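These are the residues of each chain, in order.
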Amino acid sequence: MSEEILSFEEAMEKYDPVLGFEVHVELNTKTKMFDDAPNEFGDTPNTNITPVSLGLPGVLPVVNGKAVESAIKLGLALGCDIAEVSHFARKNYFYPDTPKNFQTSQFDEPIAENGSIDIELEDGTVFTVDIERAHMEEDAGKLNHMGGSTGRIQGAEFSLVDYNRAGVPLIEIVTRPIVGAGERAPELARAYVAAIREIVKNLGISDAKMERGNVRCDANVSLMPKGTTEFGTRTETKNVNSLRSVERAVRYEIQRHAAVLDSGQKIVQETRMWHEDTRETTAGRPKSDADDYRYFPEPDLVPVVTDSEWIERLRAELPEPPAERRRRLKADWGYSDEEFRDVVNAGAMDAIEETVAAGASPAVARKWWMGEIARIAKVREVDLAETGATAQTVVELNQLIEQKKINDKIARQVLEFVIAGEGSPAEIVEKRNLAVVSDDGALTAAIDDALAAMPDVADKIRGGKVQAAGAIVGQVMKATRGQADAGRVRELILEKLGVEG
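Residues numbered from 1 in each chain as written. Predicted model: local features only at pLDDT ≥ 70, side-chain atom pairs only at ≥ 80, totals over all residues. Heavy atoms only, no water.

The name given to the chain in an unreviewed UniProt entry is Aspartyl/glutamyl-tRNA(Asn/Gln) amidotransferase subunit B, with the source organism recorded as Rothia amarae. The record in UniProt for the chain states the following under Subunit (unreviewed entry): "Heterotrimer of A, B and C subunits." Listed under Sequence similarities (unreviewed entry) in UniProt, the entry text for the chain is "Belongs to the GatB/GatE family. GatB subfamily." (UniProt positions renumbered as here; feature names shortened; annotations may be inferred.)

Printed below as a string of structure tokens:
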């Protein structure tokens, strides 16, 4: 049954939200965290495993050095201090997708601590989110619930476990409590997870595909009555794997907490599950504290020891930070604040950068990626990168327009054919005979027909109403299937009627 909730507006009038996020990032290393089993998504269940993955008796894990370097790079990108010595620990809990009955993680000595990240919202407002820690661990396997209608455990007849994911390298990024977001808390939640996804993708350490679970967020929410400073009891909505769902889950939990507190009841400290179809959370299990996991040092793994030379080498390999890159591109391209925000929100920044690098002007690149290509992406319900259009497509289309071989209308048709896989813009124009008609003889014949069909318009033009020539131009464009050079057509009309334009 659905739980009672307050309106978001009423909740904000009475309470201040406190947020906290634990974002899990799957690394794209070739092998798993502690053994040489392949780290591949989508393979046949239970094929990417070794005795170490399954925790069989007598096996010994070995730390993936590439994963350690990825963790250090992420820590540096988040402004964290990198530990000189960090240790792994066993986090003990019993669940079918954890074959060892413990997860190898880090507890009191993580690889990175004490960082921060500036989060910019769509209107330019900036929140600083403090990072408590980023630590290394391994992922669990995956349970596939069978026989039900939703794929969830509720209503399932049985479950199948796939251990391919067990042991995949993870970095968990834990924030300190976030206060002061107020009514913008859901928006901040979405923007924070988007920023983490952007950073790990920029670093090249994760594929960062949320639909695959490469980036998952556990969102913690509690409320404080207005005017108080003591944090309330929190709940943790687990494994939310889309930006939209993170925003909605935080909003819903704020509304639910407010209703519970208003009724005089207490919040239960528990995990919650988000359901995108009903847009609500349901109770999971009572939330465990660290003591409940009985952490103790992992006896089979040596400490991870770093030194300044290693850290500085990795720091030198870091790419330009995403926020700095955005500021640089906005200045280079000369876009207004609103134009650039639209580009970022549409996910068009990479495509426009590639298009400008390929030779188009920033204005032309923005026109195509935010215009016709964005329209096609919306109709097909795909991302811009999945339309099939490329930077070279835009450059070639613009060159054909500048050479007056095609006009804008034809260019849009050509783009559709390019996306359909018919070839390059130039090949399509030639193959489909789409070039602009610029031969004066052919244009004159079409103009004569149009003037004969519209004598009243011709008289208006002769009388000085030059703007009326647009009707004749339109008729000629129709007769030539949009392939006439509209500028040249207008010149010929005015010449024929003895009028100066």
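Peer 1: For the environment of Val-161, give the residues involved together with the corresponding values.
Peer 2: Of note, Val-161 is situated in strand β9 (residues 158-162). Separated by 19 residues in the primary sequence, Val-161 and Lys-142 have C-alpha atoms spaced 5.7 Å apart. Apart from the residues within four sequence positions on either side, Val-161 is in contact with Asn-46, Pro-96, Asp-97, Lys-142 and Leu-143. (Helix = DSSP H or I, 4+ residues; strand = E, 2+ residues; numbered from the N terminus. Contact = heavy atoms within 4.5 Å.)

Peer 1: Tell me what's going on with helix α6 (residues 322-333), and back it up with residues and numbers.
Peer 2: An ideal rise of 1.5 Å per residue puts 16 Å on twelve residues; α6 measures up with 16 Å between its terminal C-alpha atoms. For α6, the complete set of buried residues consists of Pro-322, Arg-325, Arg-326, Leu-329 and Trp-333. For α6, the angular spread of the buried residues around the axis is 100 degrees, confining them to a single face. The exposed set on the far side of α6, more than 90 degrees from its buried face, consists of Arg-327 and Ala-331. Residues of α6 that are buried make contact with α3 (185-203), α7 (337-345), α8 (349-357) and α9 (362-370). Downstream of α6 by a residue or two, Gly-334 has a phi angle that is positive, lying close to 75 degrees. (Expected span 1.5 Å × (residues − 1). Buried < 20%, exposed > 50% of the residue type's maximum accessible area, 1.4 Å probe, protein only. Arc of directions from axis to C-beta.)

Peer 1: Which residues make up the sheet that holds strand β13 (residues 270-275), and what values go with them?
Peer 2: In a beta sheet, neighbouring strands are held together by backbone hydrogen bonds and run either parallel or antiparallel to one another. Taking strand neighbours across the sheet as the criterion, the nine strands line up as β2-β6-β7-β10-β1-β11-β12-β13-β14 in an open arrangement whose pairing is mixed. Each of the sheet's edge strands pairs with one partner strand only, and the pair in question is β2 (81-82) and β14 (280-286). Note that β13 and β14 share five bridges and pair antiparallel. Residue pairing for β14: Met-273 is matched across the bridge by Thr-282. Contacting β2, β6 (112-120), β7 (126-138) and β10 (169-175), helix α2 (residues 65-77) runs over the sheet at an angle of about 20 degrees to β10. (Pairing = 2+ DSSP bridges. Axes fitted to C-alpha atoms, helices over the stretch in contact; angles between N-to-C directions.)

Peer 1: So what's going on with the packing of aromatic side chains? Residues and values would help.
Peer 2: Tallying each qualifying case throughout the model produces eight aromatic pairs. Consider the rings of Phe-34 and Phe-88, whose centres lie 5.4 Å apart with planes at 85 degrees: the pair is edge-to-face. Linking Phe-34 in the loop between β1 (15-26) and α2 with Phe-88 in the loop between β3 (85-86) and β4 (89-92), this pair joins segments that are 54 residues apart in sequence. Cluster of aromatic residues (ring-pair linked, three or more members): Tyr-93, Phe-107, Tyr-293 and Tyr-295. The lysine or arginine in question, Lys-91, covers the ring of Tyr-293, its NZ or CZ lying 4.4 Å from the ring centre. Over the aromatic face of Phe-8 sits the side chain of Arg-251, whose NZ or CZ is 4.2 Å from the ring centroid. (Phe/Tyr/Trp six-rings, centres within 6.5 Å; stacked < 30°, edge-to-face > 60°. Lys NZ or Arg CZ within 6 Å of the ring centre and 35° of its normal.)

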